[in-house]
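# Overview (structure and organization)
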Amino acid sequence: MDGLIMAAQLITALSILVLVHEWGHFIAARIFGIKIEKFFIFFDAGGFKLFSFKRGDTEYGMGWLPLGGYVKISGMIDESFDKEQMKKPPEPWEFRSKPAWQRLIVMVAGVFMNVILGILVFAMLMFFNGKSYIPNSEVKHGIVALDLGQEIGLQTGDKIVAVNGEEVERFGDILSSDIVLSDNSVLTVVRNGEYIDIPIPENFAKRVAEREEGLSNFISIRVPVKIDSVLPGSNAELAGMLKGDSITAINDQPVTFMDEFRPLVDEHKGQEVQLSYFRDGRQDVLTARVDTASLIGFAAQMPGVAFEKFGFFQSFSVGAKTAVAALWDTMRGLGKVISGDIPANKAVQGPIGIATQFGAHWDWLRFWTLTGILSMVLAFMNILPIPALDGGHVILLFAEMIRGKALSQKFMEVTQVIGVVIILILMVLIFSNDIFRLVSG
């Protein structure tokens, strides 16, 4: 059932993205009087389709293979390889009969629409949901340096106050993609009253990619062992623990913070422990059982969360910045993969990997956030100069404009075949990587 929910979310998101992308090509072609023969969501490989209907000169439908979609533009050499049509004399309504600048607009219209969609999605998310964050000033006790943090020189208790010389106002900014994808980043921390600069090593992105936990293995917020909530029916509730209790010791071993408390709990998995605690100004002791998962059943108090609300027009400005940041991260990430700084098998995810990001429960906030990110990723990937993609067609059109005459039909057909082969190879590698990661856990 969980897999079906994840697949349904991915297919819904892809349907929206493909519809908007292909609609961009469709509208631009219509504006210039170019005939559209087919407009399909998903591919009707082998001629099989879930449904279709014809309106005017165009057949609209849905294919059975949910890996994209397409518009078949009359008189254009594309993945359909319709050579018979191309042998006939050009008609005035065909793509090949139009000026190069019009064909260029038709080619970039899909990418343009995905960018617009990304901005619109993030703008509406900001307008309806705002943005919650933890002010860095509320992180009173500093950070817990996890494995990645310790590797670069951070220590538990450090207070990170600046990144690259800029004061950190939101704790989440420390865990942003800039830390991973930027070169020569520097964290400024306060340690024992002293300001210390901690440089981020150049291979940090590779270290993050090599760990399945990613940045969650970098740092976390250090919090005292003070109870915020007790899980109903848990061992904590059975032991009489209440919200507001401050635990000071476990089996007479003093503890102040959760990073000190958790290892001691792990040592007593499946056993009872004595917990010393403060409640209403008095100290007492209670007995609680640790379950086999090393849990007692309470959550510790976290720093206060701030909330920022945006007006309608302001949300578009913030949404645009968020969308551009997603696009910039995609570009930098690909650059890291090409340079070898990040292993491709760790950084690249296909449909299976993306589906897992949606989660086993349908969360609309997460759904639209991922859809917005995917829209910007799709825009970037489609504009890459690979034959058969929009970017490949754009490069060929620029070549035609520079030469002052059209490229030969044979050359266009060969480049299209090369592009399709490249894309198929990439798809096989990406799917294989997804399956390997899924099987290997």
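Higher on the page you've got the structure.
What counts and what doesn't
- Counting restarts for each chain, with residues numbered from 1 along the sequence as it is written.
- It should be noted that, the model being predicted, local features are given only for residues of pLDDT at least 70 and side-chain atom pairs only at 80 or more, the latter also being counted only at that level, while totals for whole chains, interfaces and linings use all residues.
- Just so you know, side-chain values use all the structure's heavy atoms and leave hydrogens and water out.
- We count a stretch as a helix when DSSP gives it H or I for four or more residues in a row; a strand needs E for two or more, and each element gets its number in order from the N terminus.
- The buried label applies to any residue whose accessible area, calculated with a 1.4 Å probe on protein chains only, is under 20% of its type's maximum; exposed applies above 50%, and partly exposed to all values in between.
- It only takes one pair of heavy atoms within 4.5 Å for two residues to be counted as in contact.
- Two strands qualify as a pair provided DSSP detects at least 2 bridges between them.
- A fitted line through C-alpha atoms represents every axis, and for helices the fit uses only the stretch in contact; the resulting angles, taken between N-to-C directions, go from 0 to 180 degrees.
- Throughout this description, any angle smaller than 35 degrees is read as roughly parallel, any larger than 145 degrees as roughly antiparallel, any in the 65 to 115 degree range as roughly perpendicular, and the remainder as oblique.
- Residue polarity is assigned by list, with Asp, Glu, Lys and Arg as charged and Ala, Val, Leu, Ile, Met, Phe, Trp, Tyr, Cys and Pro as nonpolar; anything else, Gly included, falls into the polar class.
- His is not counted, nor are the chain ends; Lys and Arg add positive charge and Asp and Glu add negative charge.
- Here, a salt bridge means any Lys or Arg side-chain nitrogen found within 4 Å of an Asp or Glu carboxyl oxygen.
- Between the first and last residue of a helix there are one fewer steps than residues, each counted as 1.5 Å, and that sum is the expected span.

Helix and strand counts for the protein chain stand at 14 helices and 18 strands. With respect to the three principal axes, the spread of C-alpha positions in the protein chain is 95 × 45 × 45 Å. Considering the protein chain as a whole, with its 441 residues, one finds that 42% of them fall into the buried category. Pairs at least 24 apart in sequence give 65% of the contacts found in the protein chain among residues at least 6 apart.

Moving on: the pairing of strand β1 (residues 36-43). Extensive coverage of β1 is indicated by the burial of seven of its eight residues. Note that β1 and strand β4 (residues 65-73) share six bridges and pair antiparallel. Bridge pairing in β4 links Phe 39 to Val 71. Sheet topology places β1 next to strand β3 (residues 58-63); four bridges connect them, and they run parallel. Pairing of Phe 39 across the sheet is with Tyr 60, part of β3.

With that out of the way, let us pick up the packing of helix α11 (residues 351-358) against helix α14 (residues 409-440). Relative orientation of the contacting elements α11 and α14 amounts to 50°, with a least axis distance of 7 Å. The angle between α11 and α14 places the two elements in the oblique class. From α11, Pro 351, Ile 352 and Gly 353 reach across to α14, where they touch Phe 431, Asp 434, Ile 435 and Leu 438. Partitioning the contact of α11 with α14 into residue classes produces five nonpolar, one polar and one charged.

To continue, consider the side chain of Glu 22. Looking at the secondary structure, you find Glu 22 in helix α1 (residues 2-31). Although buried, Glu 22 forms no salt bridge, and the nearest oppositely charged side chain, Lys 38, lies 12 Å from it. With sequence-adjacent residues up to four places away left out, Glu 22 is seen in contact with Phe 39, Gly 69, Tyr 70 and Val 71.

A positive phi angle is found at Asn 192, which is not glycine, with a value near 55°. Relative to the helices and strands, Asn 192 is located in the loop between β9 (186-191) and β10 (194-199). On the basis of relative accessible area, Asn 192 is assigned to the exposed category, the value being 80%. Even without being a glycine, Ser 294 presents a positive backbone phi close to 65°.

Once that is clear, we can look at the environment of Phe 40. With respect to the element layout, Phe 40 can be found in strand β1. Classification of Phe 40 by relative accessible area gives buried; the value is 0%. Every residue in contact with Phe 40, bar those within four places of it in the chain, is listed here: Lys 49, Phe 51, Ser 52, Glu 59, Tyr 60, Gly 61, Met 62, Gly 63, Gly 69 and Tyr 70.

This part covers the environment of Gly 110. Residue placement: Gly 110 occurs in helix α3 (residues 100-129). For Gly 110, a relative accessible area of 0% gives the class buried. When the C-alpha atoms of Gly 110 and Ala 28 are compared, they prove to be 8.9 Å apart, with 82 residues separating the residues in sequence. Those residues in contact with Gly 110, other than ones at most four positions away along the chain, are His 21, Gly 24 and His 25.

In this model, α14 (32 residues) spans 46 Å end to end at C-alpha, consistent with the 46 Å of a helix rising 1.5 Å per residue. For α14, the complete set of buried residues consists of Glu 413, Thr 415, Gln 416, Gly 419, Asn 433 and Asp 434.

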